[in-house]
Amino acid sequence: MNEIHKEIHKEIVDTEKYLGVTFPASYRKFLEEEGSGLIYGLPIYGLPASQNIDSVWGATEALRLARPDIPSNYVVVRFLDSRALCIDLTNNGKDTLVEINLIGNEQPKKIHDSFALYLEKGKGNEDEINRALRKIENLFRYENIKEYDHKSDPKNKSKRLPFKAKDWRVMRSSVHDQIVGLTAFKHNEEFNGLEVDVFISTDHPDYEAGHGIRALMILLLSDAYKNGATMEIRFTRHDPKKGERVPDRIPNQLNALLRENKIRLSRYEQGIITHNEAVNLYASILGITNELKERIKKYEAEGKLSLQGVCYILSSRLWTIEEASWILHNCPRPEGVLFGRDLPEDRMKYLESLSYGRAALAVTRFRNKLENNISENEGDSFVEIDGPLWKIVPKQPSEIDWSISSETIEIIPEEKITVLSRPRRFMPSENQLITEDVNTLISNTKDVSRKFLLYSSDFSKVSNFKEIADRINLTMSHLIKCQ
Amino acid sequence: MAEGCNLHLTRPDIKQVKDAINIGQKTDTGKIARDLLNTTLTNDQQEFMKVLRDKNHPYHKLTQNLLVNSLGKDKVTKQEENRLPRALLTVLKDHHNPHGLFGKPQKYRGPGAEEMKHPYELLSTAALIQKEVTTSLGNKLKISPSDRLDFGQKFAAHYALPTIKKGTIEADTLVGRGSKLIGIDAKYSKSSLYTNIEERQFKGIRNSFIDGQLQEFYFITNGVFNQKFKDTVSEYNQKIFKDWANEYRTIYRAYNYFSKKEKAELPPENVLDIDFEKNGEVVNKLVKKYKIPQIGMCEHVNYEEH
């Protein structure tokens, strides 16, 4: 052990003595090797041993001073805004990372299993980001790619950059002002697919794990669909020795996503995702179930729609997955509703599609009504499509004021709700129409739940609606109309 | 799933990403220290005051470091930095966590109000609590326990409340005494001779007096002000006096409609004809009699540790 190492060792021992703690092996190693450093662009405190707040000693003492209610077995490795990142020494030898809020009296919140893993992952990420940025800079330098000018005058034609599919495009995907993905890609006319150079993603701390890579993959696959070409994706890189583009490996983060969605790549070694694999991945990311996929493929065989087309409209958020699923299961011509292919000139078909689309949207409005009320247990309701029925389980209390009788219906959390949303269709009489709808609702509902018949608001124009409902002995509160 | 937006990445964006990666190197330790001090004060002020009082307390040195980080390193002498914990204790004795001490101050008076960021602001406030000082106007200045204290307040420098920081003037310490607001601006100089003159600030103070935003304003320093600074104060005091006199001149137009009592309270009509240079005493008498606001100066305002 040389003099410097001896000195560092002494400093670590002194700090432990002053704080009355024993550092876990991983943190001790970090102090010995690096003293202090940056991870994810943020500081990790360590040495020198001083009472300054940017050293582990000073920072830990400052936390003890500011939050005397917190036990002294936390070692502060970072202050950020009003939060302290600490190693929890409660479990002997373990190096769990927790976050302590300086303001208020919140208890420590676990944010990572191990300091060692956090460090390793952080360093790996940093290397990957730097590599990606280098690649983007090289693209700007060597590939003569067009650069987008955010501030350019849209009226000035010379400054407008008409990006074509075959041009290299560098895109960033952001969530709440934070970049979660960077990619550089273009349509390659040689293999009629997408060529990807840079592909890197991360997660926004406020959202579920893996959303960054999903957002980035959706961006690529949607672009591939828009190009009207195959969905094939090839990862390539510039080889400075050969002076040409050569196949690159599949990015690590993407491997994890492929494993999660049980997709095996037939041309993994060449860094290629084939058309079918890409379409399956696109569908899986957007939550299309195997059963729904089969149904779509059936329509695809008839030449009515394509799986990637449905994925594209879902990713564009024109329809939600539940609406699309309901339309595909119940509508006689789903392609007309989902893609808006019916023209007003073909009046009957147009009105039918409009009516089915409205029925699907009405349930979303109904769900919003169930979810939007402010309560402590905020959250999305659980939804399942069962034939023509929507089975909804709300997670919070709410009130529905859409009843035909103007009565307010109280909804309690976790209450099972069955909704039958009906499109307008021809029937000899309103009486017959409502009777049939009620029978459909009752005969299809096997479990005990609260049942609602949901009509669009134009049904309220039926003058004797109440009389009809009375005649068929229907509880008025369950007849509701979408506003 | 999180909804994001997709945009083209440009060369300046790359620089921003690189900067973001190294953002930790620019961590504002001052802000962290202020947050910690603010939390400590909010959580248990009594315990914190014990730490400040007892030099042998294990957290005393840490608190001093936090104060130095919070208010700025090497802005004052080491000796003065050592006095900071005691100075804070003096302030906290009668004033429970004033606005702008470590937390963000209210910004309704003017945008850009910031928490205390210079050690001398704390030292001078403690000094004014500790002892009475005589101002250049001849009156006594002292912060009493019943006064309300605010730090880092900004005021509109012109006639309308500005939306940008440039259109404001600052009162490092703002003392609220009944309906009266006293602004204090602490000017520190390591050489003990303060020389910097900000014309904009003087104009702003003059406007604040006309608007009635402030009733008194004092410049205080640890040493002395140079002659040019004193001359500028004197020049602006004359301008403020003229502002007041001009206002009464317009009132004289309606003289005939005033009651006897009101007429008796009015200043002489020829106040503007007074030669300010030659008749300083007369001016001073008028200032005192009619309570005309003036800018005051206090020198050698230093906190003493007992």
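Refer to the structure printed above.
Residues numbered from 1 in each chain as written. Chains lettered and ligands numbered in written order. Predicted model: local features only at pLDDT ≥ 70, side-chain atom pairs only at ≥ 80, totals over all residues.

A. Seen up close, the overall build of chain A. For chain A, the count of helices and strands is 14 helices and 19 strands. Burial analysis of chain A (483 residues in total) assigns 35% to the buried set. Across chain A, contacts joining residues at least 24 apart in sequence account for 51% of those joining residues at least 6 apart. (Helix = DSSP H or I, 4+ residues; strand = E, 2+ residues; numbered from the N terminus. Buried ≥ 20, exposed ≤ 12 C-beta atoms within 10 Å, placed from the backbone. Contact = placed C-beta atoms within 7 Å.)

B. Representation of the overall build of chain B. Scanning chain B from terminus to terminus reveals 11 helices and 10 strands. Within chain B, buried positions represent 38% of all 306 residues. Long-range contacts, defined as pairs at least 24 residues apart, comprise 73% of the intrachain contacts of chain B with a sequence gap of at least 6.

C. Seen up close, the sheet that holds strand β5 (residues 96-101) of chain A. Residue and element names in this part refer to chain A. Taken in spatial order, the four strands of this open sheet run β3-β4-β5-β6, and their pairing is antiparallel. In the strand order of this sheet, the two ends are held by β3 (74-80) and β6 (109-112), each with one partner. On average, each strand axis in the sheet is inclined to that of its neighbour by 35°, with strand direction left out of account. Inspection of the sheet shows β3 paired to strand β4 (residues 83-88) by six bridges, in the antiparallel sense. In the sheet register, Leu80 faces β4, and the bridge partner there is Arg83. (Pairing = 2+ DSSP bridges. Axes fitted to C-alpha atoms, helices over the stretch in contact; angles between N-to-C directions.)

D. Main features of unusual backbone geometry. Residues and elements named next belong to chain A. Look at the link from Leu47 to Pro48: it is a cis peptide, with omega at 5°. For Pro48, the position within the fold is in the loop between β2 (42-44) and α3 (56-66). Even without glycine at this site, Lys262 takes up a positive phi of about 55°. Mapped onto the elements, Lys262 comes out in the loop between α6 (252-260) and β12 (272-273).

E. Structural context of the sheet that holds strand β10 (residues 295-298) of chain B. Residues and elements named next belong to chain B. Read from one edge of the open sheet, five strands run β4-β5-β6-β8-β10, paired in mixed fashion. Each edge of the sheet is formed by a strand with only one pairing partner; in this case those strands are β4 (148-156) and β10. On average, each strand axis in the sheet is inclined to that of its neighbour by 35°, with strand direction left out of account. Looking at chain direction, β4 and strand β5 (residues 168-177) are connected through eight bridges and run antiparallel. Each residue of the ladder has a partner; that of Leu149, found in β5, is Val175. Here helix α8 (residues 199-211) sits on the sheet and contacts β4, β5, β8 (216-221) and β10; the angle it forms with β5, its principal contact strand, is near 45°.

F. Expanded view of the packing of helix α6 (residues 84-94) of chain B against helix α7 (residues 119-130) of chain B. Residues and elements named next belong to chain B. Viewed as axis vectors pointing N to C, α6 and α7 meet at an angle of 50°, and their least axial separation amounts to 9 Å. Considered as vectors, α6 and α7 are oriented oblique to each other. Note that α6 runs across α7; the crossing there is left-handed. Seen from α6, the contacting residues are Leu84, Ala87, Leu88, Thr90 and Val91; seen from α7, they are Pro119, Leu122, Leu123, Thr125, Ala126, Ile129 and Gln130. Taken together, the residues of the contact of α6 with α7 sort by class into nine nonpolar, three polar and no charged. (Parallel < 35°, antiparallel > 145°, perpendicular 65-115°, else oblique. Left-handed = near helix turned anticlockwise from the far one by under 90°. Nonpolar A, V, L, I, M, F, W, Y, C, P; charged D, E, K, R; others polar.)

G. Up close: the interface of chain B and chain A. Every contact between the two is made by 37 residues of chain B and, on the other side, 44 residues of chain A. At eight residues, helix α2 (residues 29-43) of chain B tops the list of elements feeding residues into the side of chain B that touches chain A. Tallied by class, the residues present in the side of chain B that touches chain A amount to 16 nonpolar, 14 polar and seven charged. Alignment of strand β7 (residues 169-175) of chain A against strand β1 (residues 5-8) of chain B, held across four bridges, turns out to be antiparallel. In the strand pairing of β1 of chain B, Ser173 of chain A is matched with Asn6 of chain B.

H. Geometry of the environment of Asp239 of chain A. Residues and elements named next belong to chain A. Note that Asp239 resides in strand β10 (residues 233-239). With 12 C-beta atoms counted inside 10 Å, the residue Asp239 sits in the exposed group. For Asp239, the contacting residues outside a window of four places in its chain are Glu244 and Val246.

I. Up close: the nonpolar core. Ranked by internal contacts, the top residues of the largest apolar core, which has 96 residues, are Ala62, Val75, Val76, Val77 and Cys86 of chain A together with Leu122 of chain B. With near-sequence residues (within four places) excluded, Val75 of chain A lies in contact with Val21, Phe23, Val56, Thr60, Cys86, Ile87 and Leu89 of chain A. One finds Ile136, Leu194, Ala224 and Ala278 of chain A within the second-largest nonpolar core, a separate group that totals 75 residues. (Core = buried A, V, L, I, M, F, W, Y, C linked by C-beta atoms within 7 Å.)

J. Broad picture of the packing of helix α4 (residues 60-71) of chain B against α6 of chain B. Residue and element names in this part refer to chain B. Relative to each other, α4 and α6 sit at 85°, their axes nearing to 9 Å. Overall, the two elements α4 and α6 adopt an arrangement that is roughly perpendicular. Within the contact between the two elements, α4 uses His60, Thr63, Gln64, Leu67 and Val68 and α6 uses Leu84, Pro85 and Leu88. Class assignment of the residues belonging to the contact of α4 with α6 gives a composition of five nonpolar, three polar and no charged.

K. Main features of α2 of chain B. For α2 of chain B, spanning 15 residues, the distance from its first C-alpha to its last is 21 Å, which sits close to the expected 21 Å at 1.5 Å a residue. For α2 of chain B, the full list of buried residues reads Ile32, Ala33, Arg34, Asp35, Leu36, Leu37, Asn38, Thr39 and Thr40 of chain B. Buried positions along α2 of chain B lie against α3 and β3 of chain A together with α3 (45-53) and α4 of chain B. (Expected span 1.5 Å × (residues − 1).)

L. Molecular detail of helix α1 (residues 3-19) of chain A. Residues and elements named next belong to chain A. Helix length check: α1 (17 residues) gives 24 Å between terminal C-alpha atoms against 24 Å at 1.5 Å per residue, within 8%. All of the buried residues in α1 are Glu11, Ile12, Thr15 and Leu19. In a view along the axis of α1, the buried residues occupy a sector of 95°, so they form one face of it. Along α1, exposed side chains directed more than 90 degrees from the buried face belong to Glu3, Lys6, Lys10 and Lys17. Those residues of α1 that are buried are in contact with α2 (25-33) and α3. Just downstream of α1 lies Gly20, where phi reads positive at about 70°. (Arc of directions from axis to C-beta.)

M. Up close: the environment of Thr320 of chain A. Residues and elements named next belong to chain A. With respect to the helices and strands, the residue Thr320 is situated in the loop between α9 (307-315) and α10 (321-330). A count of 17 C-beta atoms within 10 Å places Thr320 in the partly exposed class. Measuring from C-alpha to C-alpha, the distance between Thr320 and Thr364 comes to 8.6 Å, with 44 residues separating the pair along the chain.

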